[in-house]
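# Per-entry structural report
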Amino acid sequence: MEKLNVTSLSSTYTLINGVNIPCIGFGTWQTPDGVVAYESVLAALKCGYRHIDTATAYGNEESVGKAINDFLKSGEAKRSDLFITTKLHNKDHGYEATKNAIERSLSLLGLDYLDLYLIHWPNPIFFRDNWAKANAGSWKAMEEAYEAGKIRAIGLSNFFERHIDKLMETAKIPPMVNQIKICPGIAQPELVKFCKDRNMEVEGYSPLGTGGSFKSEVLKKIAQKYGKSIAQVCVRWSLQQGAIPLPKSVNPERIAQNSQVFDFSLENEDCKAIAEINYAELGITPQRNPDENNF
Ligand code: A2P
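Computed from a prediction, not measured in an experiment: that's the story for all the values here.

Taken together, the neighbourhood of the ligand is formed by 16 residues, with Leu208, Thr210, Lys248, Ser249 and Arg254 sitting nearest. Thr210 has a polar backbone atom sitting 2.8 Å from an oxygen atom of the ligand. With respect to the pocket detection grid, the ligand is positioned in the largest pocket.

Listed below in structure tokens is the structure:
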């Protein structure tokens, strides 16, 4: 287990290129565009989250961006205090399409620059016959946007070891992040180690098992032991795995609750029990194999 030096939502880790990334991000997958995305992102920012994670595929960049810009107008934070991530859509792989996609995301979000841009999936169905070449083209476009100051860090999402190795064959700038599924029962220790050995920070999506964790008797007992909610135990566990958790909620009380994870620490035996949870029994879906997606 890593020693945790983070004490609040604005505590950061430093990426290999020197950019600071807040230790918890606010997730927006499955948050509908419009008023729900707007209000939940605004609630998250008001309660102290400084790291927001969206994606073109989530369809909510416009509302997420509006919340960010309205929050900035309130004067409670500066743009440089925030860390905003979005991701390349599966249909936009390849050099030219990625260049256009970056501009489109910037425009939808209403931002001059992104803090982090990720290739969302390594092997979309649309590029199955030439996925490695398509990724190499996307990466080149991302490197250029990085060098032009449009993106402060570039990385990957849902990449397994083989996809990372392949990308490294042509990358000039190595990836700084890999975002994968990390939740109770799905710790992916080998992939986490592989990424860390290559100086990549690991972000963990679905830290609450997209809601499945709340049915777990193991987690209920551990939550009682620490006097915390199951959600808080899950977020804390993800942090203690060395990941940057990205909890999602559209409910202001839960948004706040999910961030109150800095006043306790899980013992090793509890971390182990959480890693060993039978996720399938809770209806939690595994990390998808990126080579078998039909999207
Ligand atoms: P809601 O958005 O209505 O709060 P994950 O982050 O793993 O994707 O999990 C998100 C799911 O967990 C959503 O269904 C979300 O519902 C729910 N959720 C988020 N935070 C909490 C919480 N503190 N207590 C109960 N459910 C939560």
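Now that the structure is up, let's keep going.
Attention shifts here to the pairing of strand β7 (residues 154–157). Of the two faces of β7, the one carrying Ile154 and Leu156 and the one carrying Gly155 and Ser157 are both buried. Bridge count between strand β6 (residues 116–119) and β7: three bridges; the pairing is parallel. Within the sheet, the bridge partner assigned to Leu118 lies in β7 and is Gly155. Tracing the backbone out of β6, into helix α4 (residues 131–147) and back to the parallel element β7 gives a crossover that is right-handed. Where β7 and strand β8 (residues 177–181) come together, two bridges link them in parallel fashion. Counted as the bridge partner of Leu156 is Asn178 from β8.

On to the environment of Pro207, then. Secondary-structure assignment places Pro207 in the loop between β9 (201–205) and α7 (217–226). Pro207 sits in the buried class, given a relative accessible area of 2%. In sequence terms Pro207 and Cys183 are 24 residues apart; their C-alpha atoms lie 4.5 Å from each other. In this view, Pro207 contacts Ile182, Cys183, Pro184, Ser213, Cys234, Pro245, Leu246 and Pro247; residues no more than four positions away in its chain are not counted.

Taken together, eight strands build an open sheet; the order of strands is β3-β4-β5-β6-β7-β8-β9-β10 and the sheet is parallel. On the outer flanks of this sheet lie β3 (26–27) and β10 (243–245), each paired with one strand and no other. Here α4 sits on the sheet and contacts β5 (83–88), β6 and β7; the angle it forms with β7, its principal contact strand, is near 145°.

Across all of its chains, the model carries zero disulfides by this definition. In this structure Cys47 is a free cysteine whose sulfur lies 13 Å from that of Cys23, the closest cysteine sulfur available. With a relative accessible area of 32%, Cys47 lands in the partly exposed category. Cys234 supplies the cysteine sulfur nearest to Cys271, a cysteine that is in no disulfide, at a spacing of 11 Å.

Analysis parameters
- Residue indices begin from 1 for each chain and proceed along its sequence in written order.
- Only residues with pLDDT of 70 or above have their local features reported here, since the model is predicted, and side-chain atom pairs are shown and tallied only from 80 upward, although totals for entire chains, interfaces and linings are computed over all residues.
- Working from all heavy atoms in the structure, the side-chain values ignore hydrogens and water.
- Whether a residue is near a molecule or strand depends on its heavy atoms: if one lies within 4 Å, it is near.
- Here a polar contact is taken to be a pair of N or O atoms separated by no more than 3.5 Å, where protein atoms must pair a possible hydrogen donor with a possible acceptor and residues adjacent in sequence count only if both atoms sit in side chains.
- A cavity here means a set of points on a 1 Å grid, drawn over the protein atoms and nothing else, where a 1.4 Å probe fits but cannot get out; a pocket is an open set with protein on both sides within 12 Å along at least five of seven lines, and a residue lines either one if it has an atom within 4 Å of a point.
- Criterion for pocket placement: a molecule counts as inside a cavity or pocket if more than half of its atoms are within 2 Å of its grid points.
- Residue exposure (1.4 Å probe, protein chains only): buried if accessible area is under 20% of the type maximum, exposed if over 50%, otherwise partly exposed.
- We count a stretch as a helix when DSSP gives it H or I for four or more residues in a row; a strand needs E for two or more, and each element gets its number in order from the N terminus.
- Strands are treated as partners if at least two bridges between them are detected by DSSP.
- Throughout, right-handed denotes a crossover for which the path from the first strand over the helix to the second runs clockwise when the strands point away from the viewer.
- What makes two residues a contact is simply this: any of their non-hydrogen atoms within 4.5 Å.
- The axes used here are C-alpha line fits, helices contributing only the stretch in contact, and every angle between their N-to-C directions lies in the interval 0 to 180 degrees.
- Pairs of cysteine sulfur atoms within 2.5 Å are identified as disulfides in what follows.

Purely spatial values, then, with no claim about function.
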